[in-house]
Amino acid sequence: MALNRPVPTDFWINPKVNEEYSSDDKLLYIYLITNEHLQQLGIYKISKKIIAIELNMDFKRLEKAFDNLENKFKVIKYSDKTNEIAILDYYSFGILKGGKPVENCFDNLGKKVSDFNLLKEMYLYSKSIIDEREIYSKIMTKLESQLRSLKMLDDEEEKKEEKRQDNYMQPMYDENPF
């Protein structure tokens, strides 16, 4: 049975998307949030070669779209070293409800993510965009705990990173549309 992935319909009327995203940027972003490799964590392993094949897109166009989404729009981070991708704004629309299965996704992250810098980017980005629902509080607590245990986060560094948040694009979606 196929999984269903939430795609906020306001993606198509978002002024930033309409005015600044190229067709390739839109296609890649929608692919990244809906493909079968996507994990509930919002970080998953996938090579750019697989993406190019599944999108039937030449590598030069794919690289340009990746560069735009990562450096211009700041909605993804990709690790060439581990072939992992983090969808930075995933928690703003990808987790519709909580429960034990969702919470369990955030246990033992060291076994699920190879590049812990992606985990840190997700945590720092998500701090500024998610709402106060209980599930998000639990997720953020688990992420923070994991990062601290990996010695990737301390109070001083966190304060510096909070200042850096101003450079991130505001979330594409003001609230969960579902």
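The coordinates are above.
How each quantity is defined
What you see as residue numbers is a count from 1 along each chain, following the sequence as written. The predicted nature of this model means local features are confined to residues of pLDDT at least 70 and side-chain atom pairs, given and counted, to a pLDDT of 80 or more, with totals for whole chains, interfaces and linings taken over all residues. In computing side-chain properties, one takes all heavy atoms of the structure into account and sets aside hydrogens as well as water. Simply put, an axis is a line fit to the C-alpha atoms, just over the touching stretch for a helix, and the angle between two N-to-C directions goes from 0 to 180 degrees. Runs of H or I in DSSP of at least four residues are treated as helices and runs of E of at least two as strands, each being numbered from the N terminus. By definition in this entry, angles of less than 35 degrees are roughly parallel, angles greater than 145 are roughly antiparallel, angles of 65 to 115 are roughly perpendicular, and the rest are oblique. By definition, any crossing whose near helix is turned counterclockwise from its far helix by less than a right angle is left-handed, and any crossing with a clockwise turn is right-handed. We call two residues contacting when some pair of their heavy atoms lies within 4.5 Å. Think of it as three bins: nonpolar holds Ala, Val, Leu, Ile, Met, Phe, Trp, Tyr, Cys and Pro, charged holds Asp, Glu, Lys and Arg, and polar takes everything else, Gly as well. Aromatic pairs are defined between Phe, Tyr and Trp rings, using the six-membered ring for Trp, whenever the two ring centres lie within 6.5 Å; interplanar angles under 30 degrees are classed as stacked, those over 60 as edge-to-face, and all others as tilted. When a residue's accessible area, from a 1.4 Å probe over protein chains only, is under 20% of the maximum for its type it is buried; when over 50% it is exposed; and in between it is partly exposed. Only when DSSP finds a minimum of two bridges between them are two strands counted as paired. We define a nonpolar core as any set of buried Ala, Val, Leu, Ile, Met, Phe, Trp, Tyr and Cys residues linked to one another through side-chain atoms lying within 4.5 Å.

J.: Would you explain the packing of helix α3 (residues 48-55) against helix α4 (residues 59-72) in this entry?
T.: Each pair of packed helices can be summarised by the angle the axes make with each other and by the distance between the axes. Taken N-terminus to C-terminus, the directions of α3 and α4 make an angle of 110°; their axes are 10 Å apart at the nearest point. Classed by the angle they form, the pair α3 and α4 counts as roughly perpendicular. In the crossing of α3 with α4, the sense of the turn from one axis to the other is right-handed. Here α3 contributes Lys48, Lys49, Ile51, Ala52 and Leu55 to the contact with α4, which in turn contributes Phe59, Leu62, Glu63 and Phe66. Classifying every residue of the contact of α3 with α4 gives 6 nonpolar, no polar and 3 charged.

J.: It is not clear to me how the packing of aromatic side chains should be interpreted in this structure. Could you clarify?
T.: Here a ring pair, both rings aromatic, is described through the centre-centre distance and the interplanar angle of the planes. Enumeration according to the criterion identifies 4 aromatic pairs in this entry. Relative to Tyr29, the ring of Phe11 lies with its centre 5.6 Å away and its plane at 10°, an arrangement referred to as stacked. Residue Phe11 is located in the segment before α1 (15-20), and its partner Tyr29 is located in helix α2 (residues 23-34); the two are separated by 18 residues in the primary sequence. Residue classification places Tyr29 among the buried positions, given a relative accessible area of 0%. With centroids separated by 5.2 Å and ring planes inclined at 70°, the aromatic side chains of Phe66 and Tyr78 adopt a geometry described as edge-to-face. Here the residue Phe66 occupies a position in helix α4, and Tyr78 occupies one in strand β2 (residues 76-79), the gap between them amounting to 12 residues. The class for Phe66 is buried, based on a relative accessible area of 2%. One aromatic cluster is present, formed by Phe11, Trp12 and Tyr29 through successive ring pairs.

J.: Explain the pairing of strand β3 (residues 84-87) to me, please; I cannot follow it from the model alone.
T.: The side chains of a regular strand alternate between both faces of the sheet. Here β3 shows no split at all, with Glu84 and Ala86 on one side and Ile85 and Ile87 on the other all buried. One ladder, built from 3 bridges, connects strand β1 (residues 43-45) with β3; its direction is antiparallel. If you follow Ile43 over to β3, its bridge partner there is Ala86. The pairing of β2 with β3 spans 4 bridges and is classified as antiparallel. Residue pairing for β3: Ile76 is matched across the bridge by Ile87.

J.: Would you explain the nonpolar core in this entry?
T.: In globular proteins that are soluble, nonpolar side chains generally tend to be buried together. Within the largest apolar cluster, 46 residues are counted, with the highest numbers of intra-cluster contacts made by Leu28, Leu32, Ile51, Leu69, Ile85 and Ile87. Secondary structure elements with two or more residues in this core: α2, β1, α3, α4, β2, β3, α7 (116-127) and α8 (134-149). Excluding residues within four positions of it along the chain, Ile51 makes contact with Leu28, Tyr31, Leu32, Ile46, Leu62 and Phe66.

J.: Can you help me understand the sheet that holds β3 in this one?
T.: If you trace the 3 strands from one edge of the open sheet to the other, you get β1-β3-β2, paired in antiparallel fashion. Looking at which strands have only one partner, the edges of the open sheet turn out to be β1 and β2. Neighbour-to-neighbour, the strand axes of this sheet turn through a mean angle of 15°, independent of strand direction. Its contacts with the sheet place α4 against β2 and β3, and it is angled at close to 120° to β2.

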